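Given next are the chains, with one letter for each unit.
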Amino acid sequence: MRHLLSTKDLDRATAVGILDVAEDMADVASREVKKLPTLRGKTVINLFFEDSTRTRTSFELAAKRLSADLINFSAKGSSVSKGESLKDTAQTLAAMGADAVVIRHSSSGAAQVLAQSGWIDAAILNAGDGTHEHPTQALLDAFTMRKRLHGDASRGKDLDGLRVTIVGDILHSRVARSNAWLLTTLGAEVSLVAPATLLPAGIATWPVRLGYDLDEAVDANPDVVMMLRIQAERMNAAFFPNTREYARQWGLDDARLSRLRADTMVMHPGPMIRGLEISASAADSSRSTVLEQVANGVSIRMAVLYLLLSGTAEQ
Ligand code: NCD
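Residues numbered from 1 in each chain as written. Predicted model: local features only at pLDDT ≥ 70, side-chain atom pairs only at ≥ 80, totals over all residues. Heavy atoms only, no water.

A.B. asks: Before we go on, may I ask you to explain the overall build of the chain in this structure?
C.D. replies: The helix and strand tally for the chain stands at 11 helices and 9 strands. A compact globule built from 315 residues should have a C-alpha radius of gyration of about 20 Å, and the chain, at 19 Å, falls within 12% of that. In terms of its C-alpha atoms, the chain occupies a principal-axis envelope of roughly 55 × 45 × 35 Å. Counting the 315 residues in the chain, one finds 57% classified as buried. Long-range pairs, those at least 24 residues apart, make up 77% of the contacts in the chain between residues at least 6 apart in sequence. (Helix = DSSP H or I, 4+ residues; strand = E, 2+ residues; numbered from the N terminus. Rg over C-alpha atoms; globule rule 2.2 N^0.38 Å. Buried < 20%, exposed > 50% of the residue type's maximum accessible area, 1.4 Å probe, protein only. Contact = heavy atoms within 4.5 Å.)

The following block contains the structure:
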């Protein structure tokens, strides 16, 4: 594994291997000194062309906990806003000796372009490319499910038979795509529930079941319900009548929450729009894994940086 661009091309053994290394990394977070010397002397660049809170800071913390040097580079406030191309930016970072580039970009395929262009000889980690993929998010989601299910005994385990329902703006969601591939690879059964206008063309080829009614999906007794944000910034048309109507039909409100089992996991990648796709009590309930997802994200990103940069993951 030289880059991490998608979950679609991760096989089961590799995916479980990443989750297992993340377990070791999670142990570091519980120590008094939360730091390993493993990536001392390596340079990691956070190259973010889109807004981000948790993904950017999570990669930053992960790199620092492994003792790498990390530089944050955001398009706003850089030469990109003066019109510099991705090629020139990449070559500049290469000249500075970057060992890994974590890229978030509004264009689907941007991470792959960087990995295959020859502009830069660094490990490329996709931190979200347009509506395409967000592999570390899916890995941290799978890790969170595995930990809730198996606790400390989760090493080597997959998600065989787990019933996961992903709800909302599938059309614009790289999180939904990366999860659909990864969770299926790990043995889970994935259902998608959304208004027909928020399902992409070609959905019939995905390894998932489809539903159009959230009440039915809730009453089908899922093990995990993953709510997605309405990605208003990617919408150039009216995909639903209005936000009140969306919340009523597609939101995880208190009534729907109360019909879920006490141990059903309620997940959300963040940022959440409380009152729209998820009620405050659903977001804050004991079923919610939202903050566990954030904490686990650091362990997953430490694992991926370690596997890509320490030279132990050559295949
Ligand atoms: C997601 C993203 O950016 O794709 N957020 C995240 O990385 N935690 C989902 C979203 O923005 O809604």
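A.B. asks: Explanation requested: the domain arrangement of the chain in the structure shown.
C.D. replies: Bring the parts together and some accessible area is lost; that lost area is often taken as the interface size. Domain annotation for the chain reports domain 1 (7-134 + 294-309) and domain 2 (135-289). Centre-to-centre separation of domain 1 and domain 2, based on C-alpha positions: 25 Å. Overall, the association of domain 1 and domain 2 removes approximately 2,800 Å² of surface from exposure, summing both partners, and the carbon and sulfur fraction of that is 57%. It is Arg12, Glu23 and His134 in domain 1 that bury the most area against domain 2; as a group they hold 24% of the surface buried on that side. The tally of links between domain 1 and domain 2 comes to 9 salt bridges. Linking Asp24 and Arg155 is a salt bridge whose minimum nitrogen-to-oxygen distance equals 2.8 Å. The interface formed by domain 1 and domain 2 includes 20 residue pairs in polar contact (both at pLDDT 80 or more). Contributions of two or more residues to the side of domain 1 that touches domain 2 are made by α1 (12-29), α2 (54-65), β3 (100-105), β4 (123-129) and α11 (290-309). Among the elements that line the side of domain 1 that touches domain 2, the one with the most residues is α1, at 10 residues. Grouping the amino acids of the side of domain 1 that touches domain 2 by side-chain chemistry returns 9 nonpolar, 11 polar and 13 charged. (Domains from an automatic or database assignment. Buried area = accessible area lost by both parts, 1.4 Å probe. Salt bridge = Lys/Arg side-chain N within 4 Å of Asp/Glu carboxyl O. Polar contact = N/O pair within 3.5 Å; in protein donor to acceptor, adjacent residues only side chain to side chain. Nonpolar A, V, L, I, M, F, W, Y, C, P; charged D, E, K, R; others polar.)

A.B. asks: Help me understand the sheet that holds β3 in this model?
C.D. replies: Paired through their backbone hydrogen bonds, the strands of a sheet run either parallel or antiparallel. One open sheet accounts for 4 strands, arranged β2-β1-β3-β4; its pairing is parallel. Looking at which strands have only one partner, the edges of the open sheet turn out to be β2 (69-74) and β4. Along the sheet, successive strands turn relative to each other by an average axial angle of 15°, direction set aside. Where strand β1 (residues 43-48) and β3 come together, 5 bridges link them in parallel fashion. The partner of Ile45 across the bridge, within β3, is Val101. Strands in contact with α2 are β1, β2, β3 and β4; relative to β1, the strand with the most contacts, it is inclined by about 180°. Together, β1, β3 and β4 form the strand contacts of α11, whose direction differs from that of β4 by roughly 150°. (Pairing = 2+ DSSP bridges. Axes fitted to C-alpha atoms, helices over the stretch in contact; angles between N-to-C directions.)

A.B. asks: How should the packing of aromatic side chains be read in this particular structure?
C.D. replies: Centre distance and the angle of the planes are the two values used to describe a pair of aromatic rings. Under the counting rule described, the total for this entry stands at 2 aromatic pairs. Pairing Trp181 with Trp206 gives two aromatic rings, centres 5.8 Å apart and planes at 45°, and the pair type is tilted. With Trp181 in helix α6 (residues 174-185) and Trp206 in the loop between β6 (189-193) and β7 (209-211), this pair connects stretches of sequence that are 25 residues apart. The exposure class assigned to Trp181 is buried, which follows from its relative accessible area of 15%. Between Phe240 and Tyr246, the ring centres sit 4.9 Å apart and the planes meet at 50°, which makes this aromatic pair tilted. As far as burial versus exposure is concerned, Phe240 and Tyr246 are alike and both buried. The ring of Phe59 is capped by Arg301, whose NZ or CZ atom sits 5.0 Å from the centre of that ring. (Phe/Tyr/Trp six-rings, centres within 6.5 Å; stacked < 30°, edge-to-face > 60°. Lys NZ or Arg CZ within 6 Å of the ring centre and 35° of its normal.)

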